[in-house]
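In case you want the letters, here they are:
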Amino acid sequence: MSQYFATMNQRSAGEEYDHSVIWVTVLLLALGLVMVYSASIASAEGSRATGNNTMYYLIRHAMFVLISLIASAMVFQVPVRVWQQAAPFLFLGGLGLLALVLVPGIGREVNGSRRWLSLFVINLQPSELMKIAAVLYAADYTVRKAAFMHSLRKGFMPMFGVMLLTGGLLLREPDFGAFAVITVIAMGILFLGGMNWRLFAGLIVMLVIGFLLLIWTSPYRMQRVIGFMDPWADPYGKGYQLSHALIAFGRGEWFGVGLGASVEKLFYLPEAHTDFLLAVIAEELGFVGVLTIVLLFSWLVWRAFAIGRRATELERPFAALVAQGIGLWIGVQAIINMGVNMGVLPTKGLTLPLLSFGGSAILATCCALAILLRVDWENRQLSRGFTV
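Residues numbered from 1 in each chain as written. Predicted model: local features only at pLDDT ≥ 70, side-chain atom pairs only at ≥ 80, totals over all residues. Heavy atoms only, no water.

What to know about unusual backbone geometry
Condition: Secondary structure counts use DSSP, requiring at least four H or I residues in a row for a helix and at least two E residues in a row for a strand, with both numbered from the N terminus. The cut-offs for exposure are 20% and 50% of the maximum accessible area for each residue type, with area from a 1.4 Å probe on protein chains only; residues under the lower value are buried, those over the upper are exposed, and the others partly exposed.
The peptide bond linking E173 to P174 adopts the cis configuration, its omega dihedral lying at -5 degrees. Tracing the sequence through the fold places P174 in the loop between α6 (152-172) and α7 (176-192). Even without glycine at this site, F267 takes up a positive phi of about 70 degrees. You can call F267 exposed: its relative accessible area is 58%. A positive phi is found at E271, a non-glycine position, where the angle reads about 55 degrees. For E271, the location among the structural elements is in the loop between α10 (240-252) and α11 (277-313). A residue is classified by how much of its surface remains accessible, and E271, at 33% relative accessible area, is partly exposed.

What follows is the structure, encoded as C-alpha cells:
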C-alpha cells in the first residue's frame, strides 16, 4: 500500500494540481444534479410555488452549480497570502451578515428559521459563507498566536470569545447545525496548530456541557432528540422524518429499487432533495450507492490533509491549516448529514456537501475546494523552485 501511494505521488509530481480532487468534486456535483432532480420531481410538480414544473429544482440547482464553478475559477486565482491578509476582514464581514439576517424586514424567515438574505433572484445563506471565513480566520489566528498556543489567557480565550459571539448569532437564527460545524472547524484548527492537549480536552468537556444545555433549554431541540431516540414511538409526529428516512434505507437494500423509483420521495419524506437526499440515494441506489458517496468524501478529506501535510513540509503553516480545515469542514458536515439520515444523530438542518439542493452551500463548498487546489498548486510551484 505504501508503495502504491509513493508511486502515485511521483506520478503527480509533474502535474500542476491534484486532478483527483477536481474529478471527485465533478462526480459529486454530477450525482447531485441527477439525485436532486429525482428527489424533487413529485414535490415540484405538486407545488404552485414552482409553477407545477417538474424541472424547477433541477434548473435552479444547475444554475447554482454553474455559478459556483465560475466563482471557484475566480477564487483559484487568488494567492494564499492574500487570503491570509484578508482573513480578519472576511470574518468581520461574515459576522455582519449573520447580524443582518436577524434584522426584521431584511432577513427572510422559512419554517421558523431566519437564515436567509433575499437577493431577489436567489436567497443567500450567510452561515454557509461563514464556514469559509471561519477556516481562514482560525488558521490566521493560530499562526499569529503560535507562541501562545499553550496559554489559556493569551491563546485560547480570545478565540473562545469570538466563537461565543459567532455561536450566539447562529443560535438566534437558529442554525444549530452550522454552529456545530463552525465550532469543530475552529477548534480542530487550533488543535492542529499546536494547542495544549489539556486545554483542548477541557474545551471538549465544556463544549459537550454547552451542547447539552442548549438541547435541554430548547423545547424544539429536545423534541428532536426524543424523536431521534425512538422514532417509532411517534411515527406520525416527532419521529416522522426519521422513520421515513429509515424506511428508505431499508427498501434500498444492496443495489436499490432503481433510479427514479423511490416511493419515499412521493410526499412521504420531507426535505427529500435537501437534508434527506442521502435517504433517497439509499432507496434508489442501495448500499452500493451510499458506499460510493462515502468513499468519494473520504478521498476528498484524505487529499485535503495530504495537501496540508505537504504545505507543512514546505513551512507554510497558514496554507497547511487552511487545507486541513477545509478537510475537517467537508468531512464533519458529511458525517453529520449521513448520521442524521441513518438515525445515528438527531435531526439537523445540514445539507450533504456538493450533493444537496442549496445555492449558498454549493457556492461555499466549491470556493473552499478552489482554495484547497490553490494551496496544492502553490505547493507544487515551490517544490519546483518557483515563487508564488
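Re the side chain of T166
Definition in use: Should any heavy atoms of two residues lie within 4.5 Å, those residues are counted as being in contact.
By the element assignment, T166 lies in helix α6. With a relative accessible area of 0%, T166 lands in the buried category. Sequence-distant contacts of T166, defined by excluding residues within four places in its chain, comprise F91, L95, L98 and M130.

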